[in-house]
Amino acid sequence: MTTAMWGDLKRRMISSRKRVLEEVETADKKKQRVTEQQRRHYGLINQGATCYLNSVLQVLFMTPEIYGRLDPKSLITDQELRKIFEKLQETTCGTENITKSLEIEDVYEQEDAAKCLELILDKVFQGQLAYTTKCFKGHSINEETNPFWTLPLSLRDMHDGNYSVERGFEKIFQTKFYKEDNMLFCKQCKKKTEAASGCEMVESPHILILLLKRFVFDYNIMSDVKSDCSVDVPQEIETQGKKYKLYGIVNHMGSLTGGHYTATVRSREDKTWYDCEDTHVQKAEEQPFAKARTYNSSTAYLLMYRASVSRDEVKEEQEEPCKSQLTSRRTLF
């Protein structure tokens, strides 16, 4: 090979390497999909099949109400959550440590995002439901109050092929009557009698989580199945005189065994919805509620609603002493 030919080959090799580096850099930027105006929105690395964890963490990242409740001197999980939230302000990051603290052993086995969320939930998500059953004479048959962190909604009651989240939510609190063959025994009446039961939310959580039961057991085929029905998600829900506004969605697409989780979250800073798919974070092409007060989705699985607060409550929160290094972040979302 002549000197001229070797020089030409070397130049081509350098040029080729430069192109590869540029392509890698471009691919990296596309992967993160973060523009100058969106620098506060970063993704989480998928360890194998941990998209369910990433989606939950992205929604919690947009829930600054829990920041001040994370005790770095207490639970290891709290420590790791603080670290992840701090890193997500600046860059894409991994989840190896939080995986260990949650005792997730196999990162290549997909888990349920709802169950993952339950491992992390704080009192900010806790409410109280009171169940009361009385006979037609008003005697108490049963009374109990239980805490809840999520409210499951069955997707079986559909109208025109769509499921209404609002109607499903209201159904939880509808009175149920027991008559004829379904009468209940009343100790005071000393016999079976007609009765009525009801449910009331006696303590409302600041963050209300609705679980759409897409995974159910089908007794006809004796196997778990998934429902991909479309649901009408309301922007706002009201109960007990308190209004809630949607700010986060955990989505599931695919089958039971080969599914994938993503998150759609609303930034309180720029009032914009973002799609979060592991390391990919970008402004949602279709902005929910841009054209209507309901959002139709066949993938929504967990719905996160935030209670509206009064001006006095906002003032109290602003005057509250800093409890966390993440306080600066709380003003953003």
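Residues numbered from 1 in each chain as written. Predicted model: local features only at pLDDT ≥ 70, side-chain atom pairs only at ≥ 80, totals over all residues. Heavy atoms only, no water.

### Remarks on the packing of helix α2 (residues 51-61) against helix α3 (residues 76-88)
Condition: As a rule, the C-alpha atoms of each element are fitted with a line to give its axis, helices using only the stretch in contact, and angles between N-to-C directions run from 0 to 180 degrees. Only DSSP runs of H or I with at least four residues qualify as helices, and only runs of E with at least two residues qualify as strands; both kinds are numbered from the N terminus onward. Angle categories: roughly parallel below 35 degrees, roughly antiparallel above 145, roughly perpendicular from 65 to 115, and oblique for all the rest. Contacts were defined at the residue level, with two residues in contact if any of their heavy atoms lie within 4.5 Å. Residue classes follow a fixed rule: Ala, Val, Leu, Ile, Met, Phe, Trp, Tyr, Cys and Pro count as nonpolar, while Asp, Glu, Lys and Arg count as charged, and any other residue, Gly among them, counts as polar.
Running from amino to carboxyl end, α2 crosses α3 at an angle of 75 degrees, the nearest separation of the two axes being 11 Å. Viewed along their axes, α2 and α3 adopt a mutual orientation that is roughly perpendicular. Contact residues: L57, Q58, L60 and F61 in α2; L81, I84, F85 and L88 in α3. When its residues are assigned to classes, the contact of α2 with α3 shows seven nonpolar, one polar and no charged.

### Examining the packing of aromatic side chains
The relation between two aromatic rings is expressed through the spacing of the ring centres and the mutual angle of the planes. To keep it simple, the criterion reads: Pairing of aromatic rings covers Phe, Tyr and Trp, the last counted by its six-membered ring, and requires centre-to-centre distances within 6.5 Å; plane angles under 30 degrees mean stacked, over 60 mean edge-to-face, and any other angle means tilted. Geometrically, a charge over a ring is one whose NZ (Lys) or CZ (Arg) sits within 6 Å of the ring centre while staying within 35 degrees of the ring normal.
Taken as a whole and assessed by the stated rule, the structure comprises eight aromatic pairs. Members of the aromatic cluster, each reached through a chain of ring pairs, are F61, Y67 and F85. Its guanidinium or amino end placed over the ring of F177, K179 lies 5.9 Å from that ring's centre, counting from NZ or CZ. For R306, the ring lying beneath its charged end belongs to Y247, and the centroid distance is 4.0 Å.

### Some details on the sheet that holds strand β4 (residues 162-164)
For the record, the criterion: Two strands pair under a simple rule: DSSP has to find at least two bridges between them.
Spatial ordering of the open sheet is given by β4-β12-β18, a layout of three strands whose pairing is mixed. Edge positions in the sheet fall to β4 and β18 (294-297), since each has one partner strand and no second. Averaged over neighbouring strand pairs, the angle between their axes works out to 25 degrees when direction is ignored. Sheet analysis places strand β12 (residues 230-234) next to β18, joined by four bridges and oriented antiparallel. Pairing of V231 across the sheet is with S297, part of β18.

### Some thoughts on α3
Because an α-helix completes one turn every 3.6 residues, residues spaced three or four positions apart along the sequence face the same direction. Note the following rule: Multiplying one less than the number of residues by 1.5 Å gives the expected span of a helix.
Helix length check: α3 (13 residues) gives 18 Å between terminal C-alpha atoms against 18 Å at 1.5 Å per residue, within 8%. In this structure, the buried side of α3 is in contact with α2, α4 (96-101) and α5 (113-120).

### Some thoughts on the environment of N251
Using the following cut-off: Any pair of nitrogen or oxygen atoms within 3.5 Å is treated as a polar contact; in protein, a donor-acceptor pairing is required on top of that, and neighbouring residues in sequence qualify only through side-chain atoms on both sides.
Tracing the backbone shows N251 in strand β14 (residues 242-253). Note: C-alpha distance between N251 and T299 (48 residues apart in sequence) is 5.1 Å. Apart from residues lying up to four places away in sequence, N251 is in contact with H260, Y261, T262, A263, T264, S297, T299, A300 and Y301. At a separation of 3.1 Å, a polar atom in the side chain of N251 contacts the side chain of T264.

### Quick word on the side chain of T272
Quick note on the threshold: Burial classes follow relative accessibility: with a 1.4 Å probe on protein chains only, a residue under 20% of its type's maximum area counts as buried, one over 50% as exposed, and anything between as partly exposed.
Examined against the element boundaries, T272 turns out to sit in the loop between β15 (260-266) and β16 (273-277). On the accessibility criterion, T272 (12% relative accessible area) is buried. From its side chain, T272 meets the backbone oxygen of D270 in a polar contact 3.0 Å long. Setting aside chain neighbours within four positions, we find T272 in contact with V265, R266, S267, K283 and Q287.

### Points about the pattern of salt bridges
The cut-off we apply is this: By definition, a salt bridge exists where a carboxyl oxygen of Asp or Glu is found within 4 Å of a side-chain nitrogen of Lys or Arg.
Applying the stated criterion across every chain yields a total of five salt bridges. Between R268 and E65 there is a salt bridge; the shortest N-O distance is 3.8 Å. Of this pair, R268 sits in the loop between β15 and β16 while E65 sits in the loop between α2 and α3, and the two are 203 residues apart along the sequence. By relative accessible area, R268 is classed as partly exposed at 35%.

Just geometry here; none of it tells us what the structure is for.
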